[in-house]
Amino acid sequence: MTTAAGSVGDEVDRRTGRHAPPPGFWLRWSLRDLKARWVQILAIAVVIALGTGTYAGLSASAAWRRVSYDASYQALNAHDLLVALAENTTVDAAALRAAVAASPHPEWFADMTTSLAVSVQVDASTKGETILVPGRMVGVEVGRRPVPPVDTLSVAGGRGLAPADAGADVVVLDEGFANARHLPATGTLRLGGSEQVQWVGTGQSPRYFLAGAETGSVFGARGFAVLFTSLERAQAEAGTPGKVSEASIRLAPEVDPDAARAELAQTLAARLPGAAAEVRRLQDERGYRLLYDDIANDQKFFTVFAFLILAGAAFAAFNLTGRIVEAQRREIGVGMSLGVPRVWLALRPVLLALEVALIGAVAGVVVGFVVGQAMGNVTEAYFPMPEWSRPFQVAPYLRATAFGVGLVLLASIWPVVRAVGVPPVEAIRTGPRTTARGGLAPLAQRLHLPGSTITTLPIRDVLRRPRRTLLTALGIAATVATLVGVFGMLDSIYQTIDNGEAEFLSSSPQRMTVALQTFTLAGSPTLAAIESVPGVGRFSEGLRIGGTVARMGVDIGDTNPLADSTGSTDRRDRFDVMLDVVDLHDGVWKPTAIQGSLESTGPALVLSRKAADDLGVGVGDHVQFRHPQRDGLGYSWLTSELPVGAIHPNPFRFSAYLDIDHADLMNLTGVINQVDVEPAPGTDPTTLRRALFALGGVGSVTPVSESITAIRTTMDEFLGILQIVVWAVLLLAVLIAFNSSSISADERAREHATMFAFGLPTRTVLGLAMAESAIIGLLATMIGVAVGVGLTWWLVQGLFAATIPDLELVTAIEPATFAIAALLGVVAVSVAPVLILRQLRHMDIPATLRVVE
């Protein structure tokens, strides 16, 4: 037996004395609502899942990258201290070991392995690609050892080096180079264009996890090949039997690395004074710092995009869930008129919202896993490491889930409180009068629009429900803003590269730079051989060295800037530069002076616009320049005060120039280490490049056009991960648009049925829905584009500029980006109502028009 108040066995509400239905009753009722609206519920859940999962996946990358890097260094028994000798300097291996053993605390140094690095030319060309790059042959100890050696060589493909390989012509190719050049696990390459060497596998060493940082190659692993071979083979290549250039040391447990480093440096300075040995901790090495610093820098970008996606999903879920609850307004009113307590009536829609949020949260785990795997695949391709681990990060997911679930519940509570807070007759009322008193409804009534009542209905509906319109627009606007931000950043980066390309190719687009393996004197046989190769047209000799520039009054330091571990490249008042000492009068190529003049009576620097801006100087102002100076058979470091003679437009801050007539500043008059060569008319550039590459003493031959291509390729690989963001944004926008149209169809069901009853065709009703969606999409696009432009400027000039301080980025958004934004925000949203066409065609008009069931 049942009554209007409840049923026998129901619990009694202590406050009202009424029989309260059991919790299972409300749960079953909410599940019935869930089933009735399963398409909309599923779409909202996917929106929540996209927001929470993408946020969790993007936010978690920093944690598992750090875990993977730590595991990789540990798995390969990475050194604690590295003894590195000056460039082109070697010592006897036994003498180096004896020097370490002679330290005051030899028990601090648990294990040590020695190695020798030799500059080589590598020809790894395939049938489809010419691959001629400078390289480094690293000789490592391959004898049998009871424990893994310090800086163990990993094996990614093929096999590693065995004791039987001592002295043999076999190498292991760096995995980063092999992946970048799409080379197999085994094969044959040539050294210096003629000597054939077999590579038996691919692998890595902790010293070269980030090859570009440790070798000085601006093209990363793609433009520099590291070859690992036996120590005996490297010594034979260098003609230095028994000699080494590095020692990797593991410390005993609980030994202070700083104390051990200081003690060892003093010992080596006393025992091996001519070796100019430097002792560095693993954490001080440039490659190590860049790897770990890059985690934080990348995470800043991912956090921005993840939050935008989450915000867009949250706005959408808030709006859509609230509208589903509002659709139950009449049922709540009927319940109140029957005397059901308001708190009971509020429970049903809140449970529905909670169920939607939980479904989305569970689906977010799947989305987070997929996004994490996709990010992992891209990151592993860009940073190949021997150990990779991708543990699901609970904390970012819980943060995103709490945010999403909280907003969904808030979205349900708000309309429920509004519904139960009005008289039952107001809640029961249907049609446009339900919103007549709020928002912009009075404006809609007084607005005189051209056209018939039917044609102006979309505009009136948009104005009649301003809160719903704004929330829907904000959800779509967040996705549009994210899309504009992503594509705007890409446009800016590639525009910057285009600017650099225009400067590099300005006067001699076919030229190639021949870098020598070491310094030589003008008129040497090596230079004569280069200049006499058939096909060489114009040529000019030059010199490339490293240095540091600083604002006047800034402490520029007293160490080799190329070995400085203080992180000076992140400063604006002092940073490293690569100085090209070239013929600024009649050379094959010279920089463009956008300010000042290349002509100078004394030594004057030609700096990039970015460098001048960071230093706060202009033409005629003085800066400090720390540079090498030849001192007998060696070099020392000297700081000179030089004027800025001119400013060039190259976007790379580290590019600086000095006229070769003033090489005496460094006591390097007549010293050459590179030659700019322009092919003679009719000469095949590839043939000329191979001929130059085969010459003795040549380290690399790099066409300037290939340099630009390498930069583009590297940037493409780095930015590939943003494709994940793009696809998430596109899917999110489509889901928001579809759900908005579907819920609108439910809200307008009686209106649509009335139109059909008066004879309006389905295409007209659908057209009205599409017009209303178009208006909302246009509003969302305008908001999204405005926010996206600001976001692009902040990403480029703020976040990206701080991440890559050596690059002068321009903010540029291509027209195609705005077109894509319009396509997503206006066209896709306008077309979304087509998805409810079947619902309109199969509408039961009498049942829909019935007011009381």
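Only a predicted model underlies this, so the values are computations on that prediction, with no experimental measurement involved.

(A) Region of the structure containing the pairing of strand S23 (residues 671–679). Of all nine residues making up S23, nine are buried, and the element is well covered by its neighbours. Taken together, the six bridges between strand S15 (residues 512–521) and S23 define a ladder with antiparallel strand orientation. Among the inter-strand pairings, Ala-515 is bridged to a residue of S23, identified as Gln-674.

(B) Fine view of the confidence of the model for the protein. Per-residue confidence for the protein gives a mean pLDDT of 81; residues scoring 70 or more make up 86%. Between residues 1–9, whose pLDDT stays under 50, and residues either more than four places distant or in other chains, the model counts seven contacts.

(C) Layout of helix H23 (residues 815–831). The first and last C-alpha atoms of H23 sit 23 Å apart over 17 residues, in line with the 24 Å expected at 1.5 Å per residue. Considered for burial, the residues of H23 that qualify are Thr-817, Ala-821, Leu-824, Gly-825, Val-829 and Ser-830.

(D) Layout of the nonpolar core. Ranked by size, the top nonpolar core spans 60 residues in total, and within it Met-489, Val-725 and Leu-795 carry the most contacts. If you list the elements that add at least two residues to this core, you get helix H2 (38–75), helix H8 (286–326), helix H10 (342–382), helix H15 (466–504), helix H19 (704–719), helix H20 (722–747), helix H22 (762–803) and H23. No other element matches H15, which puts 13 residues into this core. Ignoring anything within four residues of it in the chain, the contact list for Leu-795 reads Phe-301, Val-304, Phe-305, Gly-485, Met-489, Phe-800 and Ala-801. If you look at the next biggest cluster of nonpolar residues, it comprises 43 residues, including Ala-124, Ala-178, Trp-199 and Leu-268.

(E) Representation of the pattern of salt bridges within the structure. Tallied over the full model, the rule gives 18 salt bridges. Asp-614 serves as the salt-bridge partner of Lys-610, at 3.5 Å between the closest nitrogen and oxygen. Residue Lys-610 and its partner Asp-614 are both found in helix H17 (residues 609–615); the two are separated by four residues, about one turn of the helix. Each of the two residues, Lys-610 as well as Asp-614, counts as buried. When salt bridges that share partners are traced, they join Lys-610, Asp-614, Arg-653 and Asp-806 into one network.

(F) Structural detail: the side chain of Glu-175. Among the secondary structure elements, Glu-175 is positioned in helix H4 (residues 175–180). No salt bridge is formed by the buried Glu-175; the nearest opposite charge belongs to Arg-390, separated by 12 Å. Contacts of Glu-175, omitting those with residues within four sequence positions, involve Ala-156, Thr-202, Gly-203, Gln-204 and Pro-384.

(G) Spatial organisation of the side chain of Ser-68. Position of Ser-68 relative to the elements: it lies in helix H2. Owing to a relative accessible area of 0%, Ser-68 belongs among the buried residues under this scheme. Apart from the residues lying within four places of it in its own chain, the contact partners of Ser-68 are Glu-387, Trp-388 and Ser-389.

(H) Quick look at the packing of helix H14 (residues 457–464) against H15. Close contact between H14 and H15 brings their axes to 5 Å; oriented N to C, the two are set at 90 degrees. In this view, H14 runs roughly perpendicular relative to H15, as classed from their interaxial angle. Every residue of H15 that contacts H14 at Asp-461, Val-462, Leu-463 and Arg-464 is listed here: Pro-466, Arg-468 and Thr-469. Split into classes, the residues belonging to the contact of H14 with H15 amount to three nonpolar, one polar and three charged.

Rules used in this analysis
- One numbering rule holds for all chains: residues counted from 1, following each sequence as written.
- Where totals are concerned, whole chains, interfaces and linings use all residues; where local detail is concerned, this predicted model gives features only for residues with pLDDT of at least 70, and gives and counts side-chain atom pairs only at 80 or more.
- Side-chain measures were taken over the full set of non-hydrogen atoms in the model, leaving aside hydrogen atoms and water.
- The rule is simple: take the accessible area with a 1.4 Å probe, protein chains only, and divide by the maximum for that residue type; under 20% is buried, over 50% is exposed, in between is partly exposed.
- By definition, any uninterrupted DSSP run of H or I lasting at least four residues is a helix, any uninterrupted run of E lasting at least two residues is a strand, and each is numbered from the N terminus.
- Any two strands between which DSSP finds at least two bridges are classified as paired.
- Residue-level confidence of the predictor, termed pLDDT, takes values from 0 up to 100.
- Any two residues whose heavy atoms approach within 4.5 Å at even a single point are treated as in contact.
- Here the expected span of a helix is defined as 1.5 Å times the quantity of residues minus one.
- What we call a nonpolar core is a set of buried Ala, Val, Leu, Ile, Met, Phe, Trp, Tyr and Cys residues that are connected through their side-chain atoms within 4.5 Å.
- For salt bridges, the criterion is a side-chain nitrogen of Lys or Arg within 4 Å of an Asp or Glu carboxyl oxygen.
- Note that His is not counted, nor are the chain ends; the positive residues are Lys and Arg, and the negative ones are Asp and Glu.
- Note on method: axes are straight lines fitted to C-alpha atoms, helices fitted across the in-contact stretch only, with angles between N-to-C directions ranging 0 to 180 degrees.
- Here the word oblique covers every angle except those under 35 degrees (roughly parallel), over 145 (roughly antiparallel) and from 65 to 115 (roughly perpendicular).
- Gly falls in the polar group here, along with every residue not listed as nonpolar (Ala, Val, Leu, Ile, Met, Phe, Trp, Tyr, Cys, Pro) or charged (Asp, Glu, Lys, Arg).

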